[in-house]
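Summary of the model geometry
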Amino acid sequence: MRILSLVALGLVCAFASVGGYETDVEDEAQRNTAMSANMNNYIDVVMIQVGPWMNTHLVPMALPDVVEGFEHRPILITYHGELALTNGVFHTIHSVGRNGNAMMHYDRQLLRVAVGANIRQLGFTYDYSAHIMDLGPTGFVDVDVATMTFTSEFIIDLTDFYIWMQDFRLTNMGNLSIRFRGNILVDWMANIFVNIITTVFRNTITNVVSNGIHDFIQATLDDMNGRLRGRAITEQEAAVLVEQLKKMLTN
């Protein structure tokens, strides 16, 4: 998964290259004078590859079992029960796109990249069972989350190509679409289940998914750092890199 690592590695490789590529970089800098536009265009290309990569390497992801109590008072009597969600799986990501402007800053051989990602149409499945009086419906439920938006920042030390994650946060979760399968529920029970599942996803599942994505990114960076360890850039590469970054940052 390369929301951060593809960006980092691509930037380093592009700007640190020497020889015939130097002219190409200069021409590109002249054609695109806005710093944010240059980063946005680059990130947009990278993001096209991220969705399929996550579907291959991140999902399916197991989700925790959850048991939530509920009550219903139709007229005079209050009925108490519980809903159990088990065998949860985060199984689908439709696509990943850039969220907001992707910014790059260079200072004293440290390259700082801040980028937001918008993960679209996340798919989840849970088995459910309920216990209330003589009712005991079971089945499974499909949950689609419209979007989950993250902000992230990472730093590349250009003296040795070491990359580390400075920040990673879930900033927004979109609307949920909930569909029950395998059992016909009465309206009042379906409404209660929707409320419970919505609460569970907003309070629990989003944290599990966010932590899972964070850990996956960190593992990818750890692998990259292991592969790039000891790859120090030459003085010529550093000089070309600094000059190109200065041009971009001052335009």
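Every value quoted in this text rests on a predicted model; they were computed, and no experiment measured them.

**A closer look at the pattern of salt bridges**
Summed over all chains, the structure comprises 5 salt bridges. Note that E153 and R112 form a salt bridge whose closest N and O atoms lie 2.6 Å from each other. In this pair, E153 sits in strand β5 (residues 138–157) while R112 sits in strand β4 (residues 110–131), placing the two residues 41 residues apart along the sequence. With a shortest N-O distance of 3.1 Å, D144 and R179 are connected by a salt bridge. Of this pair, D144 sits in strand β5 while R179 sits in strand β7 (residues 176–181), and the two are 35 residues apart along the sequence. Given the relative accessible area of 29%, R179 is considered partly exposed.

**Re the nonpolar core**
Among the nonpolar cores identified, the biggest contains 60 residues, and L83, F90, F124, F193, F201 and I213 are the most heavily contacted of them. Those elements that place two or more of their residues in this core are α3 (35–57), β1 (61–63), β2 (66–72), β3 (79–107), β4, β5, β6 (162–173) and α4 (187–228). Examining the composition of this core, we find that 15 residues originate from one element, α4, more than from any other. Discounting residues that sit within four places of it in the chain, L83 has contacts with V66, V67, E68, F70, Y128, S129, A130, F193, I196 and I197.

**With respect to the side chain of N118**
Among the structural elements, N118 can be located in strand β4. Taking the relative accessible area as the measure of exposure, N118 reaches 14% and is therefore buried. A polar contact of 3.2 Å, which involves the side chain of N118, links it to the side chain of T149. Residue contacts for N118: discarding those within four places in its chain leaves S95, V96, G97, N99, T147, M148 and T149.

**Remarks on the packing of aromatic side chains**
As enumerated under the stated definition, the model contains 9 aromatic pairs in all. Where F90 meets F124, the ring centres are 4.8 Å apart and the plane angle is 20°; that geometry is what we call stacked. With F90 in strand β3 and F124 in strand β4, the pair connects residues that are 34 residues apart, well separated along the chain. Accessibility assignment for this pair places F90 and F124 in one class, buried. Their ring planes at 55° and their centres at 6.0 Å tell us that F180 and F193 sit as a pair that is tilted. With a gap of 13 residues between them, F180 in strand β7 and F193 in helix α4 connect regions that are remote in the sequence. Judged by its relative accessible area of 0%, F193 is buried. Members of the aromatic cluster, joined through ring pairs, are F70, Y128, F180 and F193.

Rules used throughout
- Residues numbered from 1 in each chain as written.
- Predicted model: local features only at pLDDT ≥ 70, side-chain atom pairs only at ≥ 80, totals over all residues.
- Heavy atoms only, no water.
- Salt bridge = Lys/Arg side-chain N within 4 Å of Asp/Glu carboxyl O.
- Helix = DSSP H or I, 4+ residues; strand = E, 2+ residues; numbered from the N terminus.
- Buried < 20%, exposed > 50% of the residue type's maximum accessible area, 1.4 Å probe, protein only.
- Core = buried A, V, L, I, M, F, W, Y, C linked by side-chain atoms within 4.5 Å.
- Contact = heavy atoms within 4.5 Å.
- Polar contact = N/O pair within 3.5 Å; in protein donor to acceptor, adjacent residues only side chain to side chain.
- Phe/Tyr/Trp six-rings, centres within 6.5 Å; stacked < 30°, edge-to-face > 60°.

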